[in-house]
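These are the residues of each chain, in order.
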Amino acid sequence: MSDHQLRVSKIRNGTVIDHVRAGQALNVLAILGIDGSKGEAVSVGMNVPSDRMRRKDIVKVEGKELSQNEVDVLSLIAPEATINIVREYEVVEKQQLERPDRVVGVLSCPNRNCITNADEPVETKFEVLDDGVRCEYCETIVREDLAAHISVE
Amino acid sequence: MRHDHLITAKQLSRPDIEEVLDRAAEIDADLGAFADRREDTVLGLMFYEPSTRTKMSFETAIKRLGGDAVDMGPVDSSSVKKGESLADTARVIEGYADALVLRHPSQGAAKMVSEFVDVPLLNAGDGAGHHPTQTLLDLYTIRESSGLDGLNIGIMGDLKYGRTVHSLAHALTNFDAQQHFVSPESLKLPRSVRYDLHERGANVREHTDLDEVLPSLDVLYVTRIQRERFPDENEYHAIAGEYGIDLETLEDAKDDLTVMHPLPRVDEIASEVDDTAYAKYFEQAHNGVPVRMALLDLMLEQEEDR
């Protein structure tokens with residue numbers, strides 16, 4: 001049994017997000033909109049040893065499979081992560097994250113003067129750059145702390 | 001022109017720009033020949049911010065083409081006051097007009113509205129974002145004075161929030177132009193504009209002191225340093241004074257320097273410059289009519305061809 005399995009118990013149905021950069025687990029939970037208020041069973045391992053990454057975080061969520069929007073934004077803050085879909089304790093699907101060309105409806109624009117912050121019937125759209133994202137409306141470029149702008153419902 | 005809407009100067013290729021400027025020159029040469037070009041055309045004016053030049057020149061342009069304008073009027077007396085969204089207002093006015101002109105304080109407003117309407121939409125300024133029709137009249141003025149290639153252009157003032165600057169900088173990447181940006185550190189070009197200029201391989205230099213570049217310039221484009229951006233009035237006055245020009249400043253300039261300003265000016269250009277050969281800013285403002293006539297004519301022509 002590997003070290004992280006000792007620390008984080010198996011789930012029956014849900015998602016295991018593995019190989020998350022150490023220190024990013026709480027941001028991953030933010031993307032998933034998980035704050036414990038809805039009674040979800042969540043296991044989090046932080047700074048667990050990893051052959052590939054030396055230290056990594058791991059998040060296991062019982063009863064939830066990620067939407068494409070969630071996967072897209074996850075790829076921005078945890079590009080090395082692996083997503084395992086678990087059904088009846090078995091990993092039925094393993095997905096390596098790929099950076100999308102754009103993310104829709106998952107980040108809020110930090111520019112207070114952007115039309116997407118003005119109560120209009122419009123979803124945010126961000127072009128994904130090599131080193132950040134760019135609002136397709138006001139063109140603001142965000143490079144730092146993307147997790148702070150996540151607005152996944 | 002092959003664009004449904006004009007949202008940003010980034011859309012404009014060199015042939016697009018030349019087509020508009022050439023048509024504007026034809027109009028300038030014989031205004032009467034275009035007097036009934038757009039009979040029965042109604043232009044919808046949606047100005048959510050104060051505007052004198054842009055609004056009146058659009059209105060004049062459509063009237064000189066034989067058409068007419070409907071104006072939603074000041075925001076305070078429109079349904080916006082009742083809480084109607086911009087998207088809804090645009091969809092309503094689209095039903096009354098053949099093309100729309102939008103000025104709005106929020107960046108990205110024109111891009112958003114373009115997703116809701118089918119008639120041509122022209123961005124007449126979206127916050128600190130873009131002002132592409134101003135850029136076309138700026139380029140027309142520059143072409144008349146100096147030509148558009150082999151140009152050394154200085155752009156000075158509030159480069160951070162100045163939408164006319166952002167649009168002009170993008171458009172100039174289509175030409176052989178060396179762009180010198182002169183501003184206080186706090187008002188330098190925003191990251192997004194630098195990113196685009198870098199992507200386009202633009203020839204760009206940044207300065208805090210006009211003296212460094214003035215003698216080499218063919219064009220000096222001055223913008224207002226906006227007092228409202230400064231939390232401290234003293235800080236504003238210290239900076240504004242450094243970025244104003246007068247006859248003494250221009251002693252080191254080339255004799256054929258063209259001085260431009262999108263107007264309104266406050267104290268960036270001393271009135272003593274007005275009567276010199278340098279001053280082209282009033283002519284620049286007047287060029288708004290033929291250039292916007294040309295743009296409307298071309299966009300409506302394209303609409304008819306669909």
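Residues numbered from 1 in each chain as written. Chains lettered and ligands numbered in written order. Predicted model: local features only at pLDDT ≥ 70, side-chain atom pairs only at ≥ 80, totals over all residues. Heavy atoms only, no water.

Draft legend 1. Examining the overall build of chain A more closely. What chain A contains, in helices and strands, is 3 helices and 9 strands. Computed over the C-alpha atoms, the radius of gyration of chain A is 16 Å, within 12% of the 15 Å expected from 2.2 N^0.38 for a compact globule of 153 residues. Seen along its three principal axes, the alpha-carbon backbone of chain A occupies a region of about 50 × 30 × 25 Å. Across the 153 residues of chain A, 48% fall into the buried class. (Helix = DSSP H or I, 4+ residues; strand = E, 2+ residues; numbered from the N terminus. Rg over C-alpha atoms; globule rule 2.2 N^0.38 Å. Buried < 20%, exposed > 50% of the residue type's maximum accessible area, 1.4 Å probe, protein only.)

Draft legend 2. Representation of the sheet that holds strand E1 (residues 42–47) of chain B within the structure. Residues and elements named next belong to chain B. An order of E2-E1-E3-E4 is seen for the 4 strands of this open sheet, with the pairing classed as parallel. Looking at strand neighbours, the two that pair on one side only are strand E2 (68–71) and strand E4 (121–126), the edges of this open sheet. Each adjacent strand pair in this sheet contributes to an overall mean axis angle of 20°, direction not counted. As defined by bridge partners, E1 adjoins E2 across 4 bridges and the pair is classed as parallel. Considered in E2, the bridge of Leu43 is made with Ala69. (Pairing = 2+ DSSP bridges. Axes fitted to C-alpha atoms, helices over the stretch in contact; angles between N-to-C directions.)

Draft legend 3. The packing of aromatic side chains, seen in detail. The full count for this structure, using the stated rule, is 1 aromatic pair over all chains. The ring of Tyr137 of chain A is capped by Lys111 of chain B, whose NZ or CZ atom sits 5.6 Å from the centre of that ring. (Phe/Tyr/Trp six-rings, centres within 6.5 Å; stacked < 30°, edge-to-face > 60°. Lys NZ or Arg CZ within 6 Å of the ring centre and 35° of its normal.)

Draft legend 4. Expanded view of the interface of chain A and chain B. Across the contact, 18 residues belong to chain A and 21 residues belong to chain B. Across the interface of chain A and chain B, roughly 1,600 Å² is buried in total on both sides, 47% from carbon and sulfur atoms. For chain A, the biggest contributors to the area lost against chain B are Ile115, Tyr137 and Glu139 of chain A; these three give 31% of the whole. Arg191 of chain B is paired through a salt bridge with Glu144 of chain A; the nearest N and O atoms lie 3.3 Å apart. Taken together, the links from chain A to chain B amount to 14 residue pairs in polar contact (both at pLDDT 80 or more). Residues of the side of chain A that touches chain B, tallied by class, amount to 9 nonpolar, 2 polar and 7 charged. (Contact = heavy atoms within 4.5 Å. Buried area = accessible area lost by both parts, 1.4 Å probe. Salt bridge = Lys/Arg side-chain N within 4 Å of Asp/Glu carboxyl O. Polar contact = N/O pair within 3.5 Å; in protein donor to acceptor, adjacent residues only side chain to side chain. Nonpolar A, V, L, I, M, F, W, Y, C, P; charged D, E, K, R; others polar.)

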